Structure formats: C-alpha cells, structure tokens
Amino acid sequence: MGLFDKLFGGGKKRVSKETVETRGQHMPDLNIPVDEKFTINFKHNGGKFLYCDSINEVFSNLDNIIIENKWQDQTFFSMDKRLEEKFSKQEINFTNLPNKSEIFFTTCEHLIAQNGSILVCSNQLKERKLHELPSNVIVFATTSQMVESIGEGLKTIKKKYQNVIPANITTIKHFQPTAENSHDFLTYGSSSKNLYLLLLEDL
C-alpha cells in the first residue's frame, strides 16, 4: 500500500489535512507510522512534498517543478554523478560549481520522521556547509530511507559504511524563513532552504 493511500483513505489510520497544517512542533508525538509522522513534520517545516509511485512520475514532477519556478534556463548544481546519470534524459544542465547555480539537486541518507528533517553527509555535501549551497534544493529520496529518529539514521549509516563512516553529517530542517525558527538558538548559523522532496515509493 502506498504512502498516500495510508495518509488519505486507504489505511486503518487517517491523518486529516487540518492535522498536518495546524499541528505545532512542541505537541507530543503522534502514535502513528513513520511515513505519516515524517509527512506531518516535513510539511510543518515548510517543505514541498511530491509523492511518486514510479520513476516516470518522478521525472514528470521534476518537470513540473522546473516549469512552476521558471527554471528552464537554470543550471543545476550537483555533486552526485549517479544522480546526474539517472536524470540524464531530462533537459537539465549540471554544474559542479555552486556559485553557477541557484538550485542544488541531491540525494540524502535518510528522512527523519521525528522532526521532518533530511539527513545528509559528505556523500551529498562533500566538505561544503549548508549555507554555502544554493537556497533552492531538490532532494530525490525513496520511502525505504525513512527512519524514526536521527539516532536510528546514524546507526544505519554506521552499519552501511562500517569502517569508512562519512563525515559532515548534518540535517536540513528549515525549508522556509519564519520568525519562529529565526529565534531558535538550535538552528543558529544554519540557513533556510526552499526545498522540494521527490519521494519515490520503493516498498
């Protein structure tokens, strides 16, 4: 069963649109599945969520993002050759110079349900800091990358990479500037990103 089936009518538990839009970040955790919790928290952070049940739908949604933002003539900054190869049939020009682009196109390590953040590391960022990246970000991820917490994500990374654990591990959490997060000392030094998540169902 797909994520959206469970969210909007196909599963035993339903989460209304009002719950997604009005739930505050300091309210207690909902006793709901990881995918639903991630969706609620991710949207609360200001992220733009596009669920895709096939790679062709991913391509189509990416085209729609480009059209919506009038990015047809924009070059995408990427540091992932495999990602570039996967999207090589799309009409996208890539660069490895961030100052030549307004859009960062990337994968991630995990999607964190607990706070709706995107866990990345040197595999995606190399040695760059978040504030050095373009303000517009498009993340390509799969539903199997969802985990409950940052701790669980770090354990999975350690198991996956064993003796060569990647550096520069961080989370992207704030996807729009707000008065609330601008005064949050926990996010001091970070920068908000206009972020789109292309999420492919692979479970």
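What you see is a predicted model, and the numbers here were worked out from it, not measured in a lab. (Residues numbered from 1 in each chain as written. Predicted model: local features only at pLDDT ≥ 70, side-chain atom pairs only at ≥ 80, totals over all residues. Heavy atoms only, no water.)

Trainee: Looking at this model, I keep getting lost on the pattern of salt bridges. Mind explaining?
Mentor: When the charged atoms of two side chains lie near each other, side chains of opposite charge can form a pair. Here the structure, examined in full by the defined rule, presents two salt bridges. The salt bridge partner of Lys37 is Glu148, with a shortest N-O separation of 2.9 Å. Residue Lys37 is found in helix H3 (residues 34-44), and its partner Glu148 is found in the loop between strand E8 (146-147) and helix H7 (150-161); the two are separated by 111 residues along the sequence. (Salt bridge = Lys/Arg side-chain N within 4 Å of Asp/Glu carboxyl O. Helix = DSSP H or I, 4+ residues; strand = E, 2+ residues; numbered from the N terminus.)

Trainee: Help me out: how do you make sense of the nonpolar core in this one?
Mentor: Most often, soluble globular proteins have nonpolar side chains that are buried together. Counting 24 residues, the largest nonpolar core has Phe38, Phe42, Leu111, Ile118, Val139, Leu195 and Leu197 as the members making the most contacts within it. If we ignore the near neighbours within four places in the chain, the residues touching Leu195 are Phe42, Gly47, Lys48, Ile118, Val137, Val139, Ile172 and Phe175. (Core = buried A, V, L, I, M, F, W, Y, C linked by side-chain atoms within 4.5 Å. Buried < 20%, exposed > 50% of the residue type's maximum accessible area, 1.4 Å probe, protein only. Contact = heavy atoms within 4.5 Å.)

Trainee: How do you make sense of the environment of Thr75 when you look at a structure like this?
Mentor: In this fold, Thr75 is placed in strand E2 (residues 75-77). The class for Thr75 is partly exposed, based on a relative accessible area of 24%. Sequence-distant contacts of Thr75, that is, excluding residues within four places in its chain, are made with Asn93, Phe94, Thr95, Lys100, Ser101, Glu102 and Ile103.

Trainee: How should unusual backbone geometry be read in this particular structure?
Mentor: Most peptide bonds take the trans form, and the phi angle of most residues other than glycine is negative. Phi at Gln162 is positive, roughly 50 degrees, even though this residue is not glycine. A residue is classified by how much of its surface remains accessible, and Gln162, at 55% relative accessible area, is exposed. Positive phi, close to 55 degrees, is recorded for Asn168, a residue that is not glycine. In this structure, Asn168 sits in the loop between H7 and strand E9 (170-172).

Trainee: For this particular structure, what's the right way to read helix H4 (residues 55-69)?
Mentor: Three- or four-residue spacings in an α-helix give side chains the same orientation, since the helix completes a turn every 3.6 residues. Taking 1.5 Å as the rise per residue, H4 with 15 residues should run 21 Å; its terminal C-alpha atoms sit 21 Å apart, in good agreement. Every buried residue belonging to H4 is among Val58, Phe59, Asn61, Leu62, Ile65 and Ile66, and all of these are buried. Angular distribution of buried residues about the axis of H4 spans 170 degrees; they occupy a single face of the element. The exposed set on the far side of H4, more than 90 degrees from its buried face, consists of Asn56, Ile67 and Glu68. Turning to H4, the residues buried within the fold contact strand E1 (48-52), E2, helix H5 (81-86), strand E4 (103-106), strand E7 (136-142) and strand E10 (194-200). At the C-terminal side of H4, Lys70 shows a positive phi close to 60 degrees. (Expected span 1.5 Å × (residues − 1). Arc of directions from axis to C-beta.)

Trainee: Can you help me understand the packing of aromatic side chains in this one?
Mentor: Pairs of aromatic rings are described using the distance from one ring centre to the other and the angle between the two planes. For the coordinates displayed, the defined rule picks out eleven aromatic pairs. On the numbers, 5.0 Å between centres and 50 degrees between planes, the contact of Phe42 with Phe175 is tilted. Here Phe175 lies in the loop between E9 and helix H8 (179-182) and Phe42 lies in helix H3, a separation of 133 residues in the sequence. We classify Phe42 as buried; its relative accessible area is 0%. By relative accessible area, Phe175 is classed as buried at 2%. Residues Phe76 and Phe94 carry aromatic rings whose centres are separated by 6.5 Å and whose planes lie at 90 degrees to one another, so their mutual orientation is edge-to-face. With a gap of 18 residues between them, Phe76 in strand E2 and Phe94 in strand E3 (residues 93-95) connect regions that are remote in the sequence. Three or more aromatic residues link up through ring pairs in this structure, and these residues are Phe59, Phe76, Phe87, Phe94, Phe105 and Phe140. (Phe/Tyr/Trp six-rings, centres within 6.5 Å; stacked < 30°, edge-to-face > 60°.)

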